[in-house]
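# Coordinate analysis (summary)
Now for the letters of each chain:
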Amino acid sequence: IEIITYGKKNKSFAILSQDSDFTIANAAQYYFSMKHLNLDTMTTRLYDGRVLAKVHNLHLDQLPLYATLLGTDLMNIDILRSYHNHFFRKKDGKMDMDYFFTQVANQCRHVECPNGVPHESQLVRIVRNIRDRGCHYSFDKVYSMVMESIQSFHVYQLEQELHLSKIRDEKARETLKIAMLLYRQCWITSDLLMLLCSRTMEMSTCLEIFEPNVKPIGIVLLKLRAVLYGATFNGE
């Protein structure tokens, strides 16, 4: 999400990656495929959210909803399975995916999405439609996941989440500013940043092994991080 924020904030020329979310979020002028990058010829493929919207007769602001109804990292595909079944048909013995994508786009076409977020009444109708087609999850669960998925395509500011402006201690505020700078420059991980900010920490990268030739700073911070992790796990 921070890459999307950075791309929009700095009006970036392009993002080179392998994640279609950048196309949906319209995070930069161009989105280039990492998968198809040829370093010998310096060529790759270009994906354009504007073209995607035009093909399906959608507005750019409707793409986050479209992606959500197809299924995203934040939108559990199990919730959408019975919903999707209504849009499947076979053509020449195979699943007609063109028909499927068109039918999902039809669900979005008449939904007003100012700044990418549907109006409350229309979002409620969409969630009810998903549940009426066989989804057994609660309304609140589906609504929460749909909204979280849609909002993930929009501008996100780490400073706002951490509320730096509300920290009264000047030294603490400056320390966290430096920590965020180091985090954005990939010198420290998100786990260490969250520890410094006394926020919830993910466990997935606590046992990282650094390659000294790739990221020497990892060796420098290894003992510090071990102490911080130990303090977190053993402290109150």
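Notes on the structure follow. All values derive from a computational prediction rather than experimental measurement.

## Some remarks on the pairing of strand S1 (residues 14-17)
- Only one face of S1 is buried: it carries Ile-15 and Ser-17, and the other face, with Ala-14 and Leu-16, is open.
- Sheet analysis places S1 next to strand S2 (residues 30-33), joined by four bridges and oriented parallel. By the bridge assignment for S2, Ile-15 is matched with Tyr-31.

## Some remarks on the packing of aromatic side chains
- According to the stated counting rule, one finds nine aromatic pairs in the structure shown.
- An angle of 20° between the planes, with centres 4.8 Å apart, marks the rings of Phe-88 and Phe-100 as stacked. Placement of the pair is Phe-88 in the loop between helix H5 (77-85) and strand S4 (90-91) and Phe-100 in helix H6 (residues 97-108), with a sequence separation of 12 residues.
- For Phe-88, a relative accessible area of 33% gives the class partly exposed.
- Ring-pair connections join several aromatic residues into one group, and the members of that group are Phe-13, Tyr-30 and Phe-32.

## Details of empty space enclosed by the protein
- The full count for this structure, using the stated rule, is two cavities of 30 Å³ or more.
- Lining the largest cavity are Phe-22, Thr-23, Asn-26, Ala-27, Ala-28, Gln-29, Tyr-30, Tyr-31, Tyr-47, Asp-48, Gly-49 and Arg-50.
- Looking at the lining of the largest cavity, the elements with two or more residues in it are helix H2 (21-25), S2 and helix H3 (49-55).
- When its residues are assigned to classes, the lining of the largest cavity shows six nonpolar, four polar and two charged.

## Side note on helix H7 (residues 120-132)
- Helix length check: H7, at 13 residues, gives a terminal C-alpha distance of 18 Å against a target of 18 Å (1.5 Å per residue), a fit within 8%.
- Among all positions in H7, only Gln-122, Leu-123, Val-124, Ile-126, Val-127 and Ile-130 are buried.
- Looking at the buried side of H7, the elements it contacts are helix H4 (63-70), H5 and helix H8 (139-151).
- Phi turns positive one or two residues past the end of H7, at Gly-134, with a value near 115°.

## Observations concerning unusual backbone geometry
- If you check the backbone angles, Asn-57 has positive phi at about 55° while not being a glycine.
- Relative to the helices and strands, Asn-57 resides in the loop between H3 and H4.
- A positive phi angle is found at Asp-92, which is not glycine, with a value near 55°.
- With respect to the element layout, Asp-92 can be found in the loop between S4 and strand S5 (94-95).

## Considerations on the nonpolar core
- Residues Leu-65, Leu-69, Ile-130 and Val-146 are the most contacted members of the largest nonpolar core, which totals 39 residues.
- Mapped by element, the contributors of at least two residues to this core are H2, H4, H5, H6, H7 and H8.
- Per-element accounting of this core gives the leading share, six residues, to H8.
- Among all residues touching Ile-130, those that are not within four sequence positions of it are Leu-69, Ile-79, Leu-80, Tyr-83, Cys-135, Val-142 and Val-146.

Rules of the game
Residues numbered from 1 in each chain as written. Predicted model: local features only at pLDDT ≥ 70, side-chain atom pairs only at ≥ 80, totals over all residues. Heavy atoms only, no water. Buried < 20%, exposed > 50% of the residue type's maximum accessible area, 1.4 Å probe, protein only. Helix = DSSP H or I, 4+ residues; strand = E, 2+ residues; numbered from the N terminus. Pairing = 2+ DSSP bridges. Phe/Tyr/Trp six-rings, centres within 6.5 Å; stacked < 30°, edge-to-face > 60°. 1 Å grid on protein atoms, 1.4 Å probe; cavity = no way out; pocket = protein on both sides within 12 Å on 5 of 7 lines; lining within 4 Å. Points joined across faces, edges and corners; volume = space filled by probe spheres on them. Nonpolar A, V, L, I, M, F, W, Y, C, P; charged D, E, K, R; others polar. Expected span 1.5 Å × (residues − 1). Contact = heavy atoms within 4.5 Å. Core = buried A, V, L, I, M, F, W, Y, C linked by side-chain atoms within 4.5 Å.

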